[in-house]
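One-letter residues, chain by chain:
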Amino acid sequence: MSSQALAPGSATLATTDVVLALRDIGKTYTSGELSVEALRSVSFDIRAGEYVAITGPSGSGKSTLMHILGCLDIPSTGAYLLAGDDVSMMDEAHLAHIRNRRIGFVFQRFHLMAQLSAARNVELPLVYANVPALERRERAVEALAQVGLRDRTEHRPGELSGGQQQRVAVARALVTEPDLILADEPTGNLDSVASADVLALLDEVNALGRTVVLITHEPDVAARAQRIIVVRDGYVADAGQNDQRDLQSTSSLKATKSWGPTL
Amino acid sequence: MSWSESLRTALEALRLHRMRSTLTVVGIMIGVAAVILTVGFGQGAQDQVKSQIDSLGSNLLVISPGSSTSSGGIRGGLGSASTLTIADAEALNSKVAAPDIAGVAPQTQSSASLTAGTTNWTTSVVGTTQSWLDVRSQKLASGRFITDEDVATQAAVVVLGATTSQELFGPRGALDQTVVVNGTTLSVVGVLEASGSTGTSNNDDQAIVPISTAGQRLFGGTSRTGVQAIYVQAVDQASLSAAYQEANTLLLALHGTTNPTDADFTITSQDSLVEAATSVDKTMTLLLGAVAAISLLVGGIGVMNIMLVSVTERIGEIGLRKALGAAPRIIRRQFMLEASVLGLAGGAAGVAIGIGLAFGIPLLSEQTISISIPATAGALVVAIAIGVIFGVYPADRAARMAPIDALRTD
Ligand SMILES: Nc1ncnc2c1ncn2[C@@H]1O[C@H](COP(=O)(O)OP(=O)(O)O)[C@@H](O)[C@H]1O
Ligand SMILES: [Mg+2]
């Protein structure tokens, strides 16, 4: 798919750096009389450069966890440290800033803006980062080239296939050079060929040093990760284990294949 | 995110929903145009009346016979004696008793047929004195005006209004010609300059004769010494009320009236005439203006409605922008800008249409519409303010929206 080099700098992350840490995270949804404890006492660390899958049955709390990891929501209890900052008590403006600088999202439904070209969709996070227009454009085109869409920069989402749209979304997630790529069921709306493309892209992103957290209910998708965290009824049933390979020396994807427990 | 970037995004969103944006703009536009036009109509009508009254002369007081309290100011029928006389006018002319009065012109007025050869023309025949020309701010186009001597000798002379002269003599000119009124032959000694006034009392269509000639030779009857009005000109604007006091005191004394409420005359100032004549127009303007303001308000509610629909419809977009790093402040700004652009566009279009019609309508009808700068600026400001004010609530809703609500997939 793509042979272009990812942005330099990302490879300098030390393997032992903890990029995110959850400590006794709880999340309770309250609506009127009813309250649902979606997460209870969730604790785990994810280190820089890891490729982690979060999996579990429907309703187990995966999306809730993903919202907290993505700073889209704050936990009811516990502490969440993202790259050293405790984000669990931050206000919305501060969270927006963290999301903009540190996290790249890939969603199940792509969430591209239909009226904007691929390039302008990819530019969007840079707009909120106050990057000047010319530089924005350059970086967007570069990111699209990374995902193999150099010749699709002016196409609108409607003129692209599902797989291509999701690749635009991956480019948008990469363009800010974030600490963390969060993908929530990224293959949920794709056929098997497009799924393979997108997963290969995520593998490649990780291989080049970026931390990837992949949320999925599909065991074979989860199996691509180095580590699988299993969530059940709001608690972590299995925090998985990271393999001890030297991430910095890894440049191929073979080590990540069929690793970890099969569900 | 820079302001220009926010504006670009806002414009893109408005362009995306072109139809909806246009209709919203039309709502505001109609409101603004309505305000400009109604205020313009009212102002135009007031100006028209005011210019008519101003054409009477400047710094004028008009004394009319009859009591304002006893008979409601209604004069008796034709031939009934007037309570004002030429003697009253002469007394008012005294520099000692009334130092603030610059000029006095008593006036009688009857309708009569003027005959010049085979042509005849019915007009208003005004009997007055030499000072009338100044007091009523009229000018001569040719010849001379009637003099004190004409009044003293009941001279058979007449000064014609421009229209009257034109009707009787056409382009050959009226000067030194004769006209016959009620069997008396009068020679035309002067013609007034056209004052161009319109409306009910046409200053250009009248015949001016010495007041004595009118009373003794042309009309006679019981009105020989009575006058129908005395025009009093004050020295200047500032002395108008002093002149009023002097005239009032003097006439009360002359008529032997001790109680001012029993006065058998009424003094009206030009200002009060303007006031009375324009008060109806003012009320109408206020009423129509209120209706127009309501339509502007409805336009504003339209903006709010559209913005609320827009926020609800674009939950996904808002959530995505937030996920990508848009702070609540930035989201609020974007929606505020969208609403403000709608208000501004509606306001600008409304001003354009309002002013266009204010120029266009008078070309098709008699109605004059004056463009009120304060009303125009006010309507424009209100239109933008409406966009901003009615944009606050929807924008705030958008800003407060939780990103997860917007991104929820199940
Ligand atoms: N906004 C919410 N309000 C109330 N309950 C919620 C809300 N979101 C999720 N839940 C509940 O929390 C639990 C976990 O949901 P979720 O995190 O969506 O699970 P998953 O993504 O693994 O299917 C479920 O029981 C769900 O019904
Ligand atoms: Mg889910």
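Please clarify how the sheet that holds strand β2 (residues 34–47) of chain A should be interpreted in this entry.
Across a sheet, paired strands are connected by hydrogen bonds in the backbone, their directions being either parallel or antiparallel. Residues and elements named next belong to chain A. With respect to topology, four strands assemble into an open sheet ordered β2-β1-β4-β5, the strand pairing being antiparallel. Each having just a single partner strand, β2 and β5 (85–86) make up the two edges of the open sheet. Strand direction decides the pairing type here: strand β4 (residues 77–82) and β5, joined by two bridges, are antiparallel. Each bridged residue has a counterpart across the sheet, and for L81 the counterpart in β5 is D86.

Help me understand the packing of helix α2 (residues 18–54) of chain B against helix α12 (residues 373–400) of chain B, please; the structure alone is not making it clear to me.
A pair of packed helices is captured by two measures, namely the crossing angle of their axes and the spacing between those axes. Residue and element names in this part refer to chain B. Where α2 contacts α12, the axes come no closer than 9 Å and their chain directions differ by 160 degrees. Comparing their axes, α12 and α2 come out roughly antiparallel. The element α2 and its partner α12 pack so that their crossing is right-handed. Between α2 and α12, the contacting residues are I28, V32, V35, I36 and V39 on the first element and A375, T376, A379, A383 and I386 on the second.

How do you make sense of empty space enclosed by the protein when you look at a structure like this?
Taking a probe equal in size to a water molecule and rolling it over the atoms shows the remaining empty space. The full count for this structure, using the stated rule, is four cavities of 30 Å³ or more. In this model, the largest cavity occupies a volume close to 70 Å³. Around the largest cavity sit A:L116, A:R120, A:E123, A:L124, A:V127, A:R136, B:M1, B:E5, B:R8, B:T9, B:E12 and B:R321, which together line it. Breaking the lining of the largest cavity down by element, the ones donating at least two residues are α3 (118–128) of chain A together with α1 (3–16) of chain B. For the lining of the largest cavity, a count of residues per class yields four nonpolar, one polar and seven charged. As a volume, the second largest cavity reaches approximately 60 Å³.

Teacher, can you tell me more about the site of ligand 1 here?
Neighbouring residues of ligand 1: 12 residues in total, closest A:G59, A:G61, A:K62, A:S63 and A:T64. Those residues lying near ligand 1 are distributed over chains A and B. In this structure, A:G59 approaches ligand 1 through a main-chain N or O atom, which is 2.6 Å from an oxygen atom. Burial of ligand 1 by the surrounding chains reaches 69%, relative to a free accessible area of 550 Å². When contributions to the shell around ligand 1 are tallied by element, the ones reaching two or more residues are β2 and α1 (62–69) of chain A.

Definitions and cut-offs
All residue numbers refer to positions counted from 1 along the written sequence of the respective chain. Chain letters start at A and ligand numbers start at 1, both assigned in the order the entries are written. For this predicted model, a pLDDT threshold of at least 70 governs which residues receive local features, and a threshold of 80 or more governs which side-chain atom pairs are given and counted, while totals over whole chains, interfaces and linings are taken from all residues. Side-chain descriptors were evaluated using all non-hydrogen atoms of the structure, hydrogens and water having been removed beforehand. For two strands to count as paired, DSSP must find a minimum of two bridges between them. Each helix corresponds to a stretch of at least 4 residues labelled H or I by DSSP, and each strand to a stretch of at least 2 residues labelled E; elements are numbered beginning at the N terminus. Note on definitions: angles span 0 to 180 degrees between N-to-C directions of axes, and those axes are lines fitted to C-alpha atoms, for helices only across the stretch in contact. The scheme is simple: roughly parallel for angles under 35 degrees, roughly antiparallel for over 145, roughly perpendicular for 65 to 115, oblique for anything else. Note: crossing handedness is left-handed where the near helix turns anticlockwise from the far helix by less than a right angle, and right-handed where it turns clockwise. Residue contacts are defined here by distance: any two heavy atoms, one from each residue, within 4.5 Å place the two residues in contact. Using a 1 Å grid laid over the protein atoms alone, points where a 1.4 Å probe fits but cannot get out form a cavity; open sets with protein on both sides within 12 Å along at least 5 of 7 lines form a pocket; any residue with an atom within 4 Å of a point counts as lining. Grid points are joined across faces, edges and corners, and a volume is the space filled by probe spheres set on the points. For this classification, the nonpolar set comprises Ala, Val, Leu, Ile, Met, Phe, Trp, Tyr, Cys and Pro, the charged set comprises Asp, Glu, Lys and Arg, and every other residue, Gly included, is treated as polar. Near residues are defined by distance, with any heavy atom within 4 Å of the molecule or strand qualifying the residue. Polar contacts, as used here, are pairs of N or O atoms within 3.5 Å; protein pairs need one atom able to donate a hydrogen and one able to accept it. Residues neighboring in sequence count only if both atoms are side-chain atoms. Residue-level accessible areas treat just the shown protein chains as cover; the underlying method is Shrake-Rupley with a 1.4 Å probe.

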